[in-house]
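Close look at the chain arrangement
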Amino acid sequence: MGRPFSLTSVPVAVVVVTSWVIVAAATDSSEARSCFECHSNATCMEDGAVTTCSCQEGFTGDGLECVDLDECATPEAHNCSADSSCVNMPGSYTCVCAQGFHMTPGLGCTDVDECAEPGLSGCHALATCINGHGNYSCVCPVGYWGDGRLCECSPGSCGPGLDCVAQGEALVCADPCEEHRVLDQYWRSAWHMAGYACDKNLRGWYRFVGQGGVRLAETCVPVLHCNTAAPMWLNGTHPSSDEGIVSRTACAHWSGDCCLWDAPVQVKACAGGYYVYNLTAPPECHLAYCTDPSSVDGTCEECSVEEDCISDNGRWRCECKQDSNGTDLSLLERRVECGANDIKVSLSKCQLKSLHFEKILIYLRDSQCAGFTERGDRVWMSVVTPARDGPCGTVMTRNETHATYSNTLYLADDIIIRDVNNNINFGCSYPLDMKVSLKTSLQPMVSLLNLSLGGTGTFTVQMALFQSPAYTQPYQGSSVALSTEAFLYVGAMLDGGDLSHFALLMTNCYATPSGSATDPLKYFIIQDRCPRAQDSTIQVVENGESSQGRFSVQMFRFAGNHDLVYLHCEVYLCDAVNEQCKPTCARTRFRSGVSIDQTHVLNLGPIMRKGVQATVSRAASSSWGLLRVWLPVLLSATLTLTSQ
């Protein structure tokens with residue numbers, strides 16, 4: 001009993017238990033002289049004279065040294081589910097839900113139903129969303145193809161009475177009675193005379209409305225009618241409302257053949273009592289689709305205040321009211337419409353009837369420009385002339401502020417005239433702006449560019465060089481000579497299409513010493529939509545604000561004995577409704593390597609440089625030349641007046 005205690009004298013069973021206790025103490029805690037010896041992730045316990053350091057939960061060691069215990073390395077050490085992943089953290093761990101799952105209190109990671117919550121799925125608006133465990137799928141409807149995130153139809157894939165039409169940026173199955181565009185040109189009437197219209201840009205479903213008629217003509221239309229050369233008419237009858245979409249052929253009349261050219265069309269009768277047509281571009285120009293002027297939209301509500309509604313064999317028609325009071329031609333009401341491209345003068349047909357004009361013939365100085373009937377608030381006999389000098393005998397005169405186009409309308413009640421000449425003079429005056437000044441100049445220095453945008457038509461952009469900041473006097477001829485003290489006034493303008501929807505944006509305007517727009521030697525006046533800040537002579541009057549753009553810069557020459565300057569402008573049609581078109585140019589710095597789309601570039605030049613002295617000398621020489629020409633005339637006129 002008195003011998004010292006020895007582990008070797010302890011029974012085996014006691015040795016096992018004692019050994020377990022010793023190991024646990026060695027790995028989880030240790031005695032220390034003070035708490036300062038404990039690790040930062042350990043807990044210090046003081047029991048009288050004994051100080052013990054123990055590693056905190058989530059750490060392992062002897063208390064003097066504690067290291068993180070990676071619970072994620074041992075599956076039994078964490079309780080993360082199969083739909084989550086274990087992420088180790090200092091002293092602990094967390095469970096992160098897999099994609100397609102979210103954490104639900106008390107339930108752990110549960111499936112996200114992307115189909116039930118708006119905005120979570122990437123399915124197309126027409127596709128069906130099918131939820132799965134942790135994922136989802138998108139299925140396009142019948143008649144459509146795609147991966148479900150994009151679904152588009154193809155021609156012939158839609159159901160009865162439907163067609164594959166463009167709706168925004170996608171192709172969808174839709175009823176063309178609801179999804180179509182409108183053609184309302186009065187000149188499509190088969191009664192309208194010749195012109196140069198060509199329907200090369202027509203593609204898709206259209207409905208005819210307005211004064212020219214609401215359905216395609218079903219009989220061969222004479223050549224040189226409908227404002228075109230070869231009129232196109234429907235070779236076949238219109239369908240009934242229960243036939244759905246039917247296929248027909250449109251024929252073009254020319255050279256004695258009523259169907260010299262043809263084009264496939266589709267027609268559908270709509271519940272509202274109108275027709276829609278899937279038109280294709282004609283094979284040639286100038287061919288245009290013609291409407292039947294006898295087709296009237298609606299019922300007797302279409303009759304004007306000057307007409308009565310007359311029933312005739314089950315069909316109604318409008319007929320002028322009887323008025324025996326009108327006898328004075330000077331009281332005949334006339335209406336002149338001054339359009340941007342055309343001038344139209346109209347006379348009341350019923351008033352002409354009351355003046356005993358039974359067979360009404362109206363025409364202009366050029367008798368090829370003859371009248372036609374159209375319906376509006378009244379029944380009008382109208383005739384149209386282009387707002388240009390020459391066509392239909394129209395004459396243009398201009399002063400410093402306006403351009404005036406004038407013509408004469410001739411009126412007859414038979415094909416021969418003996419005693420009475422009935423004519424009406426008319427005209428339209430237009431204030432001079434960039435567009436009008438170019439139209440009224442004989443040979444302006446101008447560059448033209450045609451741009452086509454899907455669904456919106458073809459636009460024409462013009463760029464010209466003007467003599468003053470009024471931008472109303474373009475330079476004439478193919479070149480111009482200016483001194484380096486002069487200013488270049490450059491104007492660009494947009495024409496054609498729906499101008500209310502677009503603004504003209506000059507993205508890059510620059511000068512080169514050669515006529516090549518790709519010349520590596522470029523002096524940028526406008527770059528990335530903004531003017532060159534280092535050149536104080538540059539002034540951008542407008543850019544990206546309307547259908548025209550203007551800027552000016554002082555004339556210059558390129559170093560290296562270059563006396564020619566060419567101007568180039570890259571332009572862009574900016575969607576004024578959905579885009580920010582007007583540039584913001586505060587502290588703009590130019591960068592090199594600008595990418596320029598040469599298909600959108602307008603070119604002007606050459607602009608030749610001349611010295612100030614040469615300018616004065618040439619001006620003086622020109623003045624003396626004029627004086628030599630006019631001096632004999634003036635002297636002759638003076639002598640004539642004196643003799644009288």
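Per-chain numbering applies: the sequence of each chain, read as written, is numbered from 1 onward. With the structure being a predicted model, the display of local features is reserved for residues of pLDDT at least 70 and the display and counting of side-chain atom pairs for 80 or more, all residues being used for whole-chain, interface and lining totals. Calculated side-chain values reflect all of the structure's heavy atoms, with hydrogen atoms and water omitted.

Some thoughts on the overall build of the chain
Rule in force here: Each helix is a run of H or I in the DSSP string that is no shorter than four residues. Each strand is a run of E no shorter than two, and both are numbered from the N terminus. Residue contacts follow a heavy-atom distance rule, with two residues in contact if any of their heavy atoms lie within 4.5 Å.
For the chain, the helix and strand inventory stands at 4 helices and 43 strands. Taking the intrachain contacts of the chain between residues at least 6 apart in sequence as the baseline, contacts between residues at least 24 apart amount to 57%.

Looking at the sheet that holds strand β39 (residues 530–531)
As a reminder, the rule being used: The pairing criterion for strands is at least two bridges between them, as found by DSSP.
Strands sit in the order β35-β43-β42-β37-β38-β39 across an open sheet of 6 strands; the sheet is mixed. Two strands in the sheet have a free side with no partner beyond their single neighbour: β35 (480–482) and β39. Here strand β37 (residues 502–512) runs beside strand β38 (residues 523–527); their pairing, made up of 3 bridges, is antiparallel. Bridge pairing links C509 to I526 in β38.

Observations regarding the environment of L564
The cut-off we apply is this: Exposure classes here rest on a 1.4 Å probe applied to the protein chains alone. A residue is buried below 20% of its type maximum, exposed above 50%, and partly exposed in between.
Relative to the helices and strands, L564 resides in strand β42 (residues 564–575). Look at L564 and you get partly exposed, because its relative accessible area is 31%. Separated by 46 residues in sequence, L564 and K610 have C-alpha atoms that sit 9.8 Å apart. Beyond its immediate chain neighbours, meaning those up to four positions away, L564 contacts T512, P513, F558, P606, I607 and M608.

With respect to the packing of aromatic side chains
Defined as follows: Here the aromatic set is Phe, Tyr and Trp, taking the six-membered ring for Trp, and pairing holds for ring centres within 6.5 Å; pairs whose planes are under 30 degrees apart are stacked, those over 60 apart are edge-to-face, and all others are tilted. The rule for a charge over a ring is simple: NZ of Lys or CZ of Arg within 6 Å of the ring centre, and within 35 degrees of the ring normal.
Inspection of the entire model under this criterion finds 11 aromatic pairs. Both rings, one in Y363 and one in Y410, keep their centres 5.7 Å apart while their planes meet at 15°; by these two values the pair is stacked. In this pair, Y363 is assigned in strand β27 (residues 361–363) and Y410 in strand β31 (residues 402–412), connecting sequence segments 47 residues apart. With a centroid separation of 5.2 Å and 55° between ring planes, the pair formed by Y523 and F556 is classed as tilted. Separated by 33 residues along the polypeptide, Y523 in strand β38 and F556 in the loop between β41 (548–554) and β42 bring together distant segments of the chain. Given a relative accessible area of 23%, Y523 falls into the partly exposed group. What makes F556 buried here is its relative accessible area of 16%. Taken together through their ring pairs, the aromatic side chains of F466, Y471, F487 and Y489 make up a single cluster. Taking the ring centre of Y274 as reference, the NZ or CZ of R207 above it sits at 3.7 Å.

Description of unusual backbone geometry
Here the residue pair C285 and H286 is connected by a cis peptide bond, since its omega of 10° sits within 30 degrees of zero. Examined against the element boundaries, H286 turns out to sit in the loop between β21 (275–279) and β22 (287–289). Residue P606 follows G605 across a cis peptide bond; omega there is 5°. The residue P606 is located in strand β43 (residues 601–609) in this model. Within the chain, N227 stands out as a residue other than glycine whose phi angle is a positive 60°. Note on placement: N227 falls in the loop between β17 (204–208) and β18 (230–235). Even without glycine at this site, D528 takes up a positive phi of about 50°.

Quick notes on the sheet that holds strand β1 (residues 29–32)
For the record, the criterion: Only the stretch in contact is used when fitting a helix axis, every axis being a line fitted to C-alpha atoms; angles between N-to-C directions are given from 0 to 180 degrees.
Spatially, β1-β3-β2 is the arrangement adopted by the 3 strands of the open sheet, whose pairing is antiparallel. Every interior strand has two partners, whereas the edge strands, β1 and β2 (42–47), have only one. Geometrically, the sheet is characterised by an average inter-axis angle of 25° between neighbouring strands, direction not taken into account. Taken together, the 6 bridges between β2 and strand β3 (residues 50–55) define a ladder with antiparallel strand orientation. Looking at β3, one finds that D47 is bridged to V50.

Comments concerning the state of the cysteines
In plain terms, the rule: Note on terminology: pairs of cysteine sulfur atoms within 2.5 Å are recorded as disulfides.
Under the defined criterion, the tally for this structure stands at 22 disulfides. With a sulfur-sulfur separation of 2.0 Å, C115 is cross-linked through a disulfide to C129. Linking C115 and C129, the disulfide has an S-S dihedral of approximately -75° and is accordingly described as left-handed. Taken together, the residues span a long stretch of sequence, with C115 in the loop between β9 (108–111) and β10 (128–132) and C129 in strand β10 at a distance of 14 residues. Note on C129: relative accessible area 23%, which makes it partly exposed.

What about the nonpolar core?
The test is simple: Here the nonpolar core consists of buried residues drawn from Ala, Val, Leu, Ile, Met, Phe, Trp, Tyr and Cys, with membership extended through side-chain atoms lying within 4.5 Å.
If you look at the biggest cluster of nonpolar residues, it comprises 35 residues, and the most contacted ones within it are L465, L488, F551, L567, V571 and I607. L347, F357, M381 and Y430 belong to the second-largest nonpolar core, a separate cluster that totals 26 residues.

Observations concerning a nonpolar patch on the surface
Rule in force here: Note that patches include only residues with greater than 30% relative accessible area and no salt bridge, and the join distances are 9 Å for like charges and 5 Å for nonpolar side chains (Val, Leu, Ile, Met, Phe, Trp, Tyr). Accessible surface is estimated by sampling points in the Shrake-Rupley manner with a 1.4 Å probe; for residues, cover comes only from the protein chains shown. Salt bridges are counted wherever a side-chain nitrogen of Lys or Arg sits within 4 Å of a carboxyl oxygen of Asp or Glu.
A cluster of nonpolar side chains, contributed by V87, M89 and V96, occupies part of the molecular surface with about 210 Å² of accessible area. Examined against the element boundaries, V87 turns out to sit in strand β6 (residues 84–89). With a relative accessible area of 35%, V87 lands in the partly exposed category.

Examining the confidence of the model for the chain
Quick reminder of the rule: Residue-level confidence of the predictor is summarised by pLDDT, bounded by 0 at the bottom and 100 at the top.
Across the chain, pLDDT averages 81, with 84% of residues at or above 70. Residue range residues 311–316 is modelled with pLDDT below 50. Its contacts to residues more than four positions away, or to other chains, number 12 contacts. Counted against residues more than four places away or in other chains, residues 612–644, with its pLDDT under 50, gives 5 contacts.

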